[in-house]
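Given next are the chains, with one letter for each unit.
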Amino acid sequence: MKKKHTAAEKQSKKEKTMILVSAGKDSVRFAEAILSVQNEPCHILYVTQDKTLSANTERLMALQELMDHCKKYGAELSFCCKENTALYIEQFTKKHGITQLIAEPEAKRNMWKEIWQHLVELLPDPSTQIRMA
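On a predicted model such as this, the values are computed, not experimentally measured, just so you know.

J.: Would you explain the overall build of the protein chain in this entry?
T.: Helix and strand content of the protein chain: five helices and five strands. Along the protein chain, helices and strands appear, N-terminal first, in the series α-β-α-β-α-β-α-β-α-β. Split into buried and exposed, the 133 residues of the protein chain put 38% on the buried side.

The structure is reproduced here in structure tokens:
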């Protein structure tokens with residue numbers, strides 16, 4: 001006899017993607033491209049290595065555009081300006097049941113390299129996919 005799954009069980013089995021982005025127009029375009037093809041709940045984590053969200057006009061415009069895309073695609077936007085970014089991402093991933101992390105492509109690889117190494121150590125569970133786009 002087949003076991004019937006409750007709605008909560010079905011929801012918990014869905015993929016949950018988190019897109020990691022930094023400042024700038026390229027980040028916004030990258031996030032929008034991923035959001036436009038996602039069929040599951042999605043989070044965007046805006047990561048800055050500043051300890052505050054210091055703003056200039058270009059950054060504020062990019063953040064506004066990112067917020068507009070989140071609204072359009074029903075994504076949740078969060079911010080991280082913690083010193084230990086990898087630990088924050090690991091805790092966020094567990095708290096929200098994230099199953100897939102996607103970071104910006106090659107252009108931002110230097111920024112993500114150290115964070116990535118720590119994430120691989122912190123998220124040894126193979127059920128969470130970590131990939132650079």
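J.: Would you mind going over the environment of leucine 66 with me for this structure?
T.: Tracing the sequence through the fold places leucine 66 in helix α3 (residues 57-73). We classify leucine 66 as buried; its relative accessible area is 3%. When the C-alpha atoms of leucine 66 and alanine 23 are compared, they prove to be 9.8 Å apart, with 43 residues separating the residues in sequence. Setting aside residues up to four positions removed in sequence, leucine 66 forms contacts with Val21, Val28, Ala31, Ile44, Tyr46 and Leu77.

J.: Even after reading the chapter, I still don't get the environment of lysine 14, so can you show me in this structure?
T.: With respect to the element layout, lysine 14 can be found in the loop between α1 (7-13) and β1 (17-21). With 83 residues separating them along the chain, lysine 14 and glycine 97 place their C-alpha atoms 9.6 Å apart. For lysine 14, the contacting residues outside a window of four places in its chain are Pro41 and Thr99.

J.: Where do I start with the confidence of the model for the protein chain in this structure?
T.: Detailed reading of predicted coordinates is not advised where the pLDDT is low. For the protein chain, per-residue confidence averages 77 on the pLDDT scale, and 73% of positions sit at 70 or higher. Counting interchain partners and residues more than four positions distant, the pLDDT-below-50 stretch residues 1-12 has five contacts.

J.: What exactly am I supposed to notice about the packing of aromatic side chains here?
T.: Given two aromatic rings, one states the distance between the centres and the angle between the planes to describe the pair. What the rule picks out here adds up to two aromatic pairs. Aromatic pair tyrosine 46 and phenylalanine 79: ring centres 5.7 Å apart, planes at 65°, arrangement edge-to-face. Here tyrosine 46 is found in strand β2 (residues 42-47), whereas its partner phenylalanine 79 is found in strand β3 (residues 76-80), with 33 residues between them in sequence. Exposure remark for tyrosine 46: the relative accessible area of 2% places this residue in the buried category. Taking the relative accessible area as the measure of exposure, phenylalanine 79 reaches 33% and is therefore partly exposed. Seen from their ring centres, tyrosine 88 and phenylalanine 92 are 6.2 Å apart, and the 35° between their planes marks the pair as tilted.

J.: I keep staring at the packing of helix α2 (residues 25-35) against α3 and nothing clicks. Help me out?
T.: In a packed pair of helices, the relevant descriptors are the angle between the two axes and the axis-to-axis distance. Between α2 and α3, whose axes approach to 9 Å, the crossing angle comes to 5°. Here α2 is positioned roughly parallel relative to α3, judged by the angle of their axes. Across the interface between the two elements, Lys25, Val28, Ala31, Glu32 and Leu35 from α2 touch Ala62, Glu65, Leu66, His69, Cys70, Lys72 and Tyr73 from α3. The residue makeup of the contact of α2 with α3, split by class, is seven nonpolar, one polar and four charged.

J.: Please explain helix α4 (residues 85-96) as it appears in this structure.
T.: Taking 1.5 Å per residue, 12 residues should reach 16 Å; α4 reaches 16 Å between its end C-alpha atoms and fits that length. Those residues of α4 that sit buried are Thr85, Ala86, Ile89, Glu90, Phe92 and Thr93. Across the axial projection of α4, the buried residues extend over an arc of 165°, all falling on one side. Exposed side chains of α4 directed beyond 90 degrees from the buried face belong to Lys94 and Lys95. Glycine 97 sits one or two residues past α4 and shows a positive phi near 65°.

What counts as what
Residues numbered from 1 in each chain as written. Predicted model: local features only at pLDDT ≥ 70, side-chain atom pairs only at ≥ 80, totals over all residues. Heavy atoms only, no water. Helix = DSSP H or I, 4+ residues; strand = E, 2+ residues; numbered from the N terminus. Buried < 20%, exposed > 50% of the residue type's maximum accessible area, 1.4 Å probe, protein only. Contact = heavy atoms within 4.5 Å. pLDDT = per-residue confidence, 0-100. Phe/Tyr/Trp six-rings, centres within 6.5 Å; stacked < 30°, edge-to-face > 60°. Axes fitted to C-alpha atoms, helices over the stretch in contact; angles between N-to-C directions. Parallel < 35°, antiparallel > 145°, perpendicular 65-115°, else oblique. Nonpolar A, V, L, I, M, F, W, Y, C, P; charged D, E, K, R; others polar. Expected span 1.5 Å × (residues − 1). Arc of directions from axis to C-beta.

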